[in-house]
Number of protein chains: 2
Amino acid sequence: MKVSPFLLFIAFSASLVFSLVACAGKEQQSMEKKRLQYALVIHGGAGTIKPENMDAETKAQYEKALNEALDIGEGILSKGGTALDAVENVIVYLENSPLFNAGKGAVFTYEGHNELDASIMDGKTHKAGAVGGVTIVKNPIRAARAVMEKSPHVLLTCAGANRFAIEQGLDTVPPEYFYTQRRWKSLQRRLEKEKKKEPIGAREEPDAHKFGTVGCVALDEQGNLAAGTSTGGLTAKRWNRIGDSPIIGAGTYADNATCAVSCTGHGEYFIREAVAHDMSARMAYLGESVQEAGEHIINEKLKAIGGAGGLIAIDQYGQIAMPFNTSGMYRGYVTPDERKVGIFK
Amino acid sequence: MKVSPFLLFIAFSASLVFSLVACAGKEQQSMEKKRLQYALVIHGGAGTIKPENMDAETKAQYEKALNEALDIGEGILSKGGTALDAVENVIVYLENSPLFNAGKGAVFTYEGHNELDASIMDGKTHKAGAVGGVTIVKNPIRAARAVMEKSPHVLLTCAGANRFAIEQGLDTVPPEYFYTQRRWKSLQRRLEKEKKKEPIGAREEPDAHKFGTVGCVALDEQGNLAAGTSTGGLTAKRWNRIGDSPIIGAGTYADNATCAVSCTGHGEYFIREAVAHDMSARMAYLGESVQEAGEHIINEKLKAIGGAGGLIAIDQYGQIAMPFNTSGMYRGYVTPDERKVGIFK
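Being a predicted model, the structure only gives us computed values, none of them experimental.

About the thresholds
- Residues numbered from 1 in each chain as written.
- Chains lettered and ligands numbered in written order.
- Predicted model: local features only at pLDDT ≥ 70, side-chain atom pairs only at ≥ 80, totals over all residues.
- Heavy atoms only, no water.
- Salt bridge = Lys/Arg side-chain N within 4 Å of Asp/Glu carboxyl O.
- Helix = DSSP H or I, 4+ residues; strand = E, 2+ residues; numbered from the N terminus.
- Least-squares fit on C-alpha atoms with pLDDT ≥ 70 in both.
- Contact = heavy atoms within 4.5 Å.
- Buried < 20%, exposed > 50% of the residue type's maximum accessible area, 1.4 Å probe, protein only.
- Phe/Tyr/Trp six-rings, centres within 6.5 Å; stacked < 30°, edge-to-face > 60°.
- Buried area = accessible area lost by both parts, 1.4 Å probe.
- Polar contact = N/O pair within 3.5 Å; in protein donor to acceptor, adjacent residues only side chain to side chain.
- Axes fitted to C-alpha atoms, helices over the stretch in contact; angles between N-to-C directions.
- Parallel < 35°, antiparallel > 145°, perpendicular 65-115°, else oblique.
- Left-handed = near helix turned anticlockwise from the far one by under 90°.
- Nonpolar A, V, L, I, M, F, W, Y, C, P; charged D, E, K, R; others polar.
- pLDDT = per-residue confidence, 0-100.
- Expected span 1.5 Å × (residues − 1).
- Pairing = 2+ DSSP bridges.

J.: What exactly am I supposed to notice about the pattern of salt bridges here?
T.: Side-chain pairs of opposite charge can arise whenever the charged atoms involved come near each other. Residues and elements named next belong to chain A. For the coordinates displayed, the defined rule picks out 28 salt bridges over all chains. Between Asp278 and Lys301 there is a salt bridge whose closest N-O contact spans 2.6 Å. Within this pair, whereas Asp278 is found in helix H9 (residues 275-286), its partner Lys301 is found in helix H10 (residues 290-304), the two being separated by 23 residues in sequence.

Below you can see the structure in the form of structure tokens.
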């Protein structure tokens, strides 16, 4: 057998053409990945939220609230405002709504108090701020932002965090402000159950009433990402427990190079798996898309260990993901071209 | 030009031989990676620790303490004890020593109190426990372990965490127990400096006296990893600030599949970069060794943003890393074959 130089030339040319085609494909792919002018995603908690348990009026209330939250975010971003401002103000709205487990409408601790956690992170600078266990701060997300911008620390807690918020001139309220009858009843049911059988150490069952949270992630015109999360935590939580919401890397993370993330669910699992940072790490190190990373973490990794919940995430192009492994998650997103809100699977 | 079939055969054979040699090399590499029977690494804080500022007696005191801590860990592991028990008891020893910024000898807050943080994580189950801002618990690491094993939560804080420790029957002490003259003077110097020029928001300079920490990571006979960290935090910290030490994913992480990590340094940076989880993620997703991941994070990533500190880490084979970007880090390790303690670069 003889191989002629001509055949070798043909083979070489073919491989060259193939390479060029492959390159062109890649270029096209990055063309498709053109950055949106802005995009914003919200959640209002994941859990056992089923159509059969929700009447039309309640559903309409939630959809209205989700849409109003998107309005606020879009209003800021479409005028060239920052992702940080959008995230903060959307979360303020959700905190002020008694529908969600954050700010007004937060769940009660075992002792019958409201202890609020929140965090915010700037994807451009990696700066972050958080508060855990505040009791008199009307909008914990504003306190988190003040920690980021006005203190040398990232996480302040309990009485000290309250004091810091007062020194910063943030709105404070008497603790009774956070009371809602619905959450109070929820605590009473939980305590009844406990009296009957469950030991103190029993892990909670998935239930939106028990671990609702609100969160927002955004991409702004400058290409910056931001993420924020706020919550009342778990119903009947004890001993000044702090969940994943105020933990940077667990409930919240933002990095312009990868994504902005806000989580909701059974916080203890989200801390142990460092879910928000894991999203960023999978995108950075494995080259996964925001959807692939979200799917893997929520529907494989967390599901496998019984970690109920979901997350919202957005990448530097405005691509979004909203995976959850519970029956529902209050959620919505808005871009210059599209808007959607959803509750059930 | 003509290419003979013989030459093609030679080329093919050569590449086959090359592949086989490469495979053999890989096998040899994995043979080298035989797991040690046990291994344990400790740190007592990183910062500005220079030979010219330390007299022989002080140096001998630190070396003695580090060796005694290694004795305790080795005593447990060489008898088949668990990594968790070794980590907990080594840290109890370091907490009880007034030399280190953890337990007795902790730094003072701005208001002149001692607020202690600690966490522990089990690499086998990913279970974790932590306390932030406890004030009367003699050994915060024992409280962290109790949170992991006896509560449904991961992170308890402030008065609630104190109460939990009391309910669990852990040793409590009056707050004065934690007082040391050296740390009190350190606070006074800090407050003097602040009075003169530094605004409240000024970020701290690297200084072991300001952000010492103690930590321990271990591999046991069963192949399980564990990590723990304990600290008094930053001198003159305010508003019930919590640093990275009690944050799973920031100051502490353990996963049998990758590594166990304990960090020390300017905690705010370690939280923002989710350092402990990033170690695990780089090993899992990039296939880096524990040394490569540690080197990159401490001496490139953190250094680039001014994050002073170091970490200790151990992988499932007993390979260890102890990178730091400060002038010194109190540290040591022990395996069945080797033992070393160090202070300076």
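J.: Would you mind showing me how to read the relation of the copies chain A and chain B here?
T.: Between the two copies of this chain, the relationship is a rotation about some axis together with a displacement along it. Rotating chain A by 180 degrees about the axis while translating it 0.0 Å along that axis superimposes it on chain B, leaving an RMSD of 0.0 Å. This pairing of chains is accounted for by a two-fold axis. Both copies share a contact surface, since 100% of the interface residues of chain A are interface residues in chain B too.

J.: Explain unusual backbone geometry to me, please; I cannot follow it from the model alone.
T.: A negative phi angle is the norm for most residues apart from glycine, just as the trans form is the norm for most peptide bonds. Even without being glycine, Cys158 of chain A reaches a positive phi, approximately 50 degrees. Within the fold, Cys158 of chain A resides in helix H5 (residues 158-167). Backbone geometry at Ala236 of chain B places phi at a positive 65 degrees, although glycine is not the residue there. When you line up the elements, Ala236 of chain B lands in the loop between strand E6 (225-231) and strand E7 (241-242). A residue is classified by how much of its surface remains accessible, and Ala236 of chain B, at 8% relative accessible area, is buried.

J.: Where do I start with the packing of aromatic side chains in this structure?
T.: Between two aromatic rings, the relevant description is the distance of the centres plus the angle of the planes. Per the counting criterion, the structure on display carries 16 aromatic pairs over all chains. Here the aromatic rings of Tyr62 of chain A and Phe100 of chain A are separated by 5.4 Å at their centres, their planes lie at 75 degrees, and the arrangement is edge-to-face. Of this pair, Tyr62 of chain A sits in helix H2 (residues 56-78) while Phe100 of chain A sits in the loop between helix H3 (83-96) and strand E2 (116-122), and the two are 38 residues apart along the sequence. Phe100 of chain A matches Tyr62 of chain A in its accessibility class, with the two residues each being buried. Judged by centre distance (6.1 Å) and plane angle (80 degrees), the rings of Phe100 of chain B and Tyr330 of chain B are edge-to-face. One end of the pair, Phe100 of chain B, is in the loop between helix H3 (83-96) and strand E2 (116-122); the other, Tyr330 of chain B, is in strand E12 (residues 328-334), and 230 residues separate them in sequence. In this structure Phe100 of chain B comes out as buried when scored by relative accessible area, which is 1%.

J.: Is there a simple way to explain the interface of chain A and chain B in this structure?
T.: Accessible area lost during the coming together of the parts is what is often quoted as the interface size. Taken together, the contact between chain A and chain B spans 51 residues of the former and 51 residues of the latter. At the boundary of chain A with chain B, total buried surface from both sides reaches about 4,400 Å², with 57% on carbon and sulfur atoms. When the area that chain A buries against chain B is broken down by residue, the three leading residues are Trp239, Arg272 and Tyr285 of chain A, summing to 20%. At the boundary of chain A and chain B, one finds 2 salt bridges. Across the pair Glu111 of chain A and Arg163 of chain B runs a salt bridge, and its minimum N-O distance is 3.4 Å. Viewed at the interface, chain B and chain A are joined by 29 residue pairs in polar contact (both at pLDDT 80 or more). Of all the elements in the fold, those that place two or more residues in the side of chain A that touches chain B are helix H1 (5-32), strand E4 (155-157), H5, strand E7 (241-242), helix H8 (267-272) and H9 of chain A. With 7 residues, the top contributor of residues to the side of chain A that touches chain B is H5 of chain A.

J.: What is the right way to read the packing of H2 of chain A against H3 of chain A from this model?
T.: Helix packing for two helices is described by the angle between their axes and how far apart those axes are. Residue and element names in this part refer to chain A. Relative orientation of the contacting elements H2 and H3 amounts to 155 degrees, with a least axis distance of 9 Å. Comparing the axis directions of H2 and H3 gives the class roughly antiparallel. Here the hand of the crossing between H2 and H3 comes out right-handed. Taking contact as the criterion, the partners of Lys64, Ala65, Glu68, Ala69, Ile72, Gly73, Ile76 and Leu77 in H2 are, on H3, Ala83, Asp85, Ala86, Asn89, Val90, Tyr93 and Leu94. Of the residues in the contact of H2 with H3, the class split is 10 nonpolar, 2 polar and 3 charged.

J.: Whenever I open this one, the confidence of the model for chain A confuses me. Can you help?
T.: The predicted coordinates ought not to be read in detail in places where the model reports low pLDDT. All names here are of chain A. Across chain A, the average pLDDT comes to 90, with 87% of residues at 70 or higher. In this model, residues 19-31 is a region of pLDDT below 50 whose contacts with residues beyond four sequence positions or in other chains number 0 contacts. Of the regions scoring below 50 in pLDDT, residues 200-206 engages in 23 contacts with residues more than four places distant in sequence or in other chains. Scored as a complex, the prediction yields pTM 0.90 and ipTM 0.89.

J.: Looking at this structure, I do not really get H3 of chain A. What am I missing?
T.: Structurally, the α-helix is built with 3.6 residues per turn, so residues lying three or four positions apart point the same way. Residues and elements named next belong to chain A. Between its first and last C-alpha, H3 extends 20 Å over 14 residues, near the 20 Å set by a 1.5 Å rise per residue. In terms of burial, H3 is a largely internal element, 11 of the 14 residues being buried. Within the sequence span of H3, burial applies to Ala83, Leu84, Ala86, Val87, Glu88, Val90, Ile91, Val92, Tyr93, Leu94 and Glu95.

J.: I would appreciate a short explanation of helix H9 (residues 275-286) of chain B in the present structure.
T.: All names here are of chain B. For H9, with 12 residues, the first-to-last C-alpha span of 15 Å sits near the 16 Å given by 1.5 Å per residue. Among the 12 residues in H9, 10 count as buried, and that is most of the element. For H9, every residue scored as buried is listed here: Val275, Ala276, His277, Asp278, Met279, Ser280, Ala281, Arg282, Met283 and Tyr285. Of the residues flanking the end of H9, it is Gly287, one or two places downstream, whose phi is positive at about 70 degrees.

J.: Any chance you could explain the pairing of E12 of chain B here in plain terms?
T.: In summary, the side chains of a regular strand alternate between the two faces of the sheet. All names here are of chain B. In terms of burial, E12 is largely enclosed, as 7 of its 7 residues are buried. Residue alternation in E12 divides its side chains into two sets, Gly328, Tyr330, Gly332 and Val334 and Met329, Arg331 and Tyr333, and both sets are buried. Here strand E1 (residues 39-47) pairs with E12 via 6 bridges, running antiparallel. Note that in E12 the partner of Val41 across the bridge is Tyr333. Two strands pair when backbone bridges link them, and E12 and strand E13 (residues 339-344) are joined in this way by 5 bridges, in the antiparallel orientation. Bridged to Val334 within E13 is Arg339. The loop that links E12 with its antiparallel partner E13 comprises 4 residues.

J.: Please explain the side chain of Thr213 of chain B as it appears in this structure.
T.: Residues and elements named next belong to chain B. Its place among the elements puts Thr213 in the loop between helix H7 (208-211) and strand E5 (214-219). Under the relative-accessibility criterion, Thr213 is labelled buried at 3%. In terms of polar contacts, Thr213 uses its side chain to reach the side chain of Thr264, at 3.4 Å. Filtering out sequence-adjacent residues up to four positions away, Thr213 remains in contact with His43, Gly44, Gly45, Asn101, Thr229, Ser230, Thr231, Ser245, Cys263, Thr264 and Gly265.

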